[in-house]
Amino acid sequence: MKFMLMMNAPYGTGDDIRTNTEAGLAWGVAEWPPDDVKAMIDFMIRFKQELSDAGELVGAEGLAPPGQARVVRAGKGGAPEVTDGPFPEAKEFLAGYWIVDVESPERAYALAARASASPGPGGAPLNMPIEVREVMSGPPPADE
Amino acid sequence: MTAAGVDVPGEHLLRELAPQVLAATVRRFGDFAAAEDAVQEALLAAAVQWPEEGVPDNPRGWLIRVAGRRMTDHLRAELARRRRQGVVVLEAPPDEQVAPAPDGGDHVERDDTLILLFMCCHPALTRPSAIALTLRAVGGLTTAEIANAFLVPEATMGQRISRAKQSIRKSGVRFRMPTADERAERLSAVLHVLYLIFNEGYASSTGESLQRADLANEAIRLARAVHRLLPGDGEVAGLLALMLLTDARRRARTGPGGELIPLAEQDRTLWDREAIAEGVALVTATLSRGAIGAYQLQAAIAAVHDEAARTEDTDWPQILALYGLLERMSDNPMVTLNRAIAFAMVHGPEAGLERLKVLDADARLADHHRLAAVRAHLLEMAGDHQAAIAHYRKAARRTSSLPERNYLIMKAGRLGGGER
């Protein structure tokens, strides 16, 4: 079964959100001590490698900060109408995702919990919310 | 899907020989994981050389020799590495270092493929690992082909296979037949893995996943091989029959856009008559021998469907009776659900709906999309269209299959649920 694990990172709090997101600093990572940033990056690399070694990785990507996001709608004649994203009311943004191929939903939840506990400032687990969604499959198996 | 690309002469032969060559190599060297790699290399070498130089007179012997040379190279490198590290370990116990008789004959070859299957489907492995390893070690497929069939990166599939081999090594499974005590359980694990491979292929044999249809063929080929090895086993025959009788409907099961066509609406002239005849013959022969198992019963049900020239000719009372037997044999709520459908076809939709109430209390099925879909169908039969629409939509929200969701939404729409 394939699942997408979506890492939703919270925006920073207070008045600095907008400045931070515009500078690509949402989530405050850029304000962490360098060693903590390195620990987080190391974790992400290691986690991806672990998934690959376990034969469970389908794909994983980190996304550019939401300050660079654009929202596109079809305008007149289907031409793209581009506005600056993200939506101002959003409290969280998609920071990255993993697609895994695992034996059961429980295994996907276990992996999501691992990702959630990525180290943050001072090495404390971030406990970020990870949204787990099953990837839609082809037709159902044979069944009378 | 082929071991060596399409249209290679001797390709079919290679796939046939793969498990025999692997077994001979494991017997001689004892190290399953390394032997498996060596055999893959030998198969690749054959795929390159045979088309140009012709198939050797003794292809099996050729492959065993080449795999043996690769093993020797591997062992030499391994020995040098250990010497550098000051480690001396004897890998295989002496009884496994004995070379096989020069000509083991048919008997040994026959058992070898079975032993390999038992190893690859060992309960110590996760299902995805067992599936991958079976397709490679017994099916003779390459890692790339298996990765392609399961839509995962080749590196991921490679790791899955190598971890499966590590698990086998760690579990200490020896290259031998399971004991009489283990045998029934181990055989049922083998059959389950083959069934999962079949379903993976059958379920996805449409549109962009066309190549995956070959997984169904591969599962049938492997089931055929097991049936040849154990012709007297009813469940093996039952599984092969079930696959053939199900696969026979493949072409009728989806429309040109990949949309699902339910059994009742399929164009039965598209069904594969030859596969049906073979499946029916198999299941008839095995049922007459007694000791009936779940695969045989499922095959018998599939046979009853396949033998009806038109939907309305379906012998539902017989299907109902077969589901009754199946229900007594397994604690699977899906069987109870299917039995409720048969009950409705015999005694009317209201009676069927009554039966579904039991399943609402079953936590395994209460939120399952199939329960909602069956209820919707029976409500539609009973003429309660508004309730049917609601349940088709409920089912559509819950399924994780895209074509099935589309089908359920269309059903709701046709009953007037799409009107504004």
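It should be emphasised that the depicted structure is a prediction, and the values quoted were computed from it without experimental measurement.

So, how was this worked out
- Residues numbered from 1 in each chain as written.
- Chains lettered and ligands numbered in written order.
- Predicted model: local features only at pLDDT ≥ 70, side-chain atom pairs only at ≥ 80, totals over all residues.
- Contact = placed C-beta atoms within 7 Å.
- Helix = DSSP H or I, 4+ residues; strand = E, 2+ residues; numbered from the N terminus.
- Axes fitted to C-alpha atoms, helices over the stretch in contact; angles between N-to-C directions.
- Parallel < 35°, antiparallel > 145°, perpendicular 65-115°, else oblique.
- Left-handed = near helix turned anticlockwise from the far one by under 90°.
- Core = buried A, V, L, I, M, F, W, Y, C linked by C-beta atoms within 7 Å.
- Buried ≥ 20, exposed ≤ 12 C-beta atoms within 10 Å, placed from the backbone.
- Domains from an automatic or database assignment.
- Pairing = 2+ DSSP bridges.
- pLDDT = per-residue confidence, 0-100.

All right, on to the interface of chain A and chain B then. Taken together, the contact between chain A and chain B spans 18 residues of the former and 29 residues of the latter. Secondary-structure elements contributing two or more residues to the side of chain A that touches chain B are α2 (34-53) and β2 (57-62) of chain A.

Moving on: the packing of helix α14 (residues 316-329) of chain B against helix α15 (residues 333-347) of chain B. Residue and element names in this part refer to chain B. Between α14 and α15, the least distance of the axes is 9 Å, while the angle of their chain directions is 155°. Classed by the angle they form, the pair α14 and α15 counts as roughly antiparallel. For α14 against α15, the interelement crossing comes out left-handed. The residues of α15 that touch α14, namely those facing W316, P317, I319, L320, Y323, G324, L326 and E327, are V335, T336, N338, R339, A342, F343, M345 and V346.

What follows covers the nonpolar core. In this structure, A:L5, A:V100, B:V21, B:L194 and B:A219 are the most contacted members of the largest nonpolar core, which totals 136 residues. Two domains each donate at least three residues to this core, and these are domain 1 (1-95) and domain 2 (333-420) of chain B. Excluding anything up to four places from it in sequence, A:V100 contacts A:K2, A:F3, A:L5, A:L51, A:E56, A:L57, A:V58, A:A108 and A:L111.

A few words on the environment of B:H227. Residues and elements named next belong to chain B. Of note, H227 is situated in helix α9 (residues 213-229). Take H227: there are 19 C-beta atoms within 10 Å of it, and that puts it in the partly exposed class. For the pair formed by H227 and Q298, sequence separation is 71 residues and the distance between their alpha carbons is 17 Å. Excluding residues that lie within four positions of it along the chain, H227 makes contacts with V236, A237 and L240.

Time to look at the environment of B:A223. Residues and elements named next belong to chain B. Relative to the elements of secondary structure, A223 occurs in helix α9. On the basis of neighbour count, A223 is assigned to the buried category, with 26 C-beta atoms found within 10 Å. Spatially, the C-alpha atoms of A223 and H377 are 34 Å apart, while their sequence positions differ by 154 residues. Aside from chain neighbours lying at most four places away, what touches A223 is L194, L239, L240 and M243.

To continue, consider the pairing of strand β4 (residues 80-84) of chain A. Burial within β4(A) is sparse, with just zero of its five residues counted as buried. Linkage of strand β3 (residues 70-74) of chain A to β4(A), two consecutive antiparallel strands, is achieved through a turn of five residues, within which A:G77 is found at a positive phi near 60°.

A few words on the confidence of the model for chain B. Residue and element names in this part refer to chain B. Considering every residue of chain B, the mean pLDDT works out to 86; 88% of them sit at 70 or more. Of the regions scoring below 50 in pLDDT, residues 1-7 engages in 20 contacts with residues more than four places distant in sequence or in other chains. With pLDDT under 50 throughout, residues 90-104 is counted as low confidence; its partners more than four residues away or in other chains account for 14 contacts.

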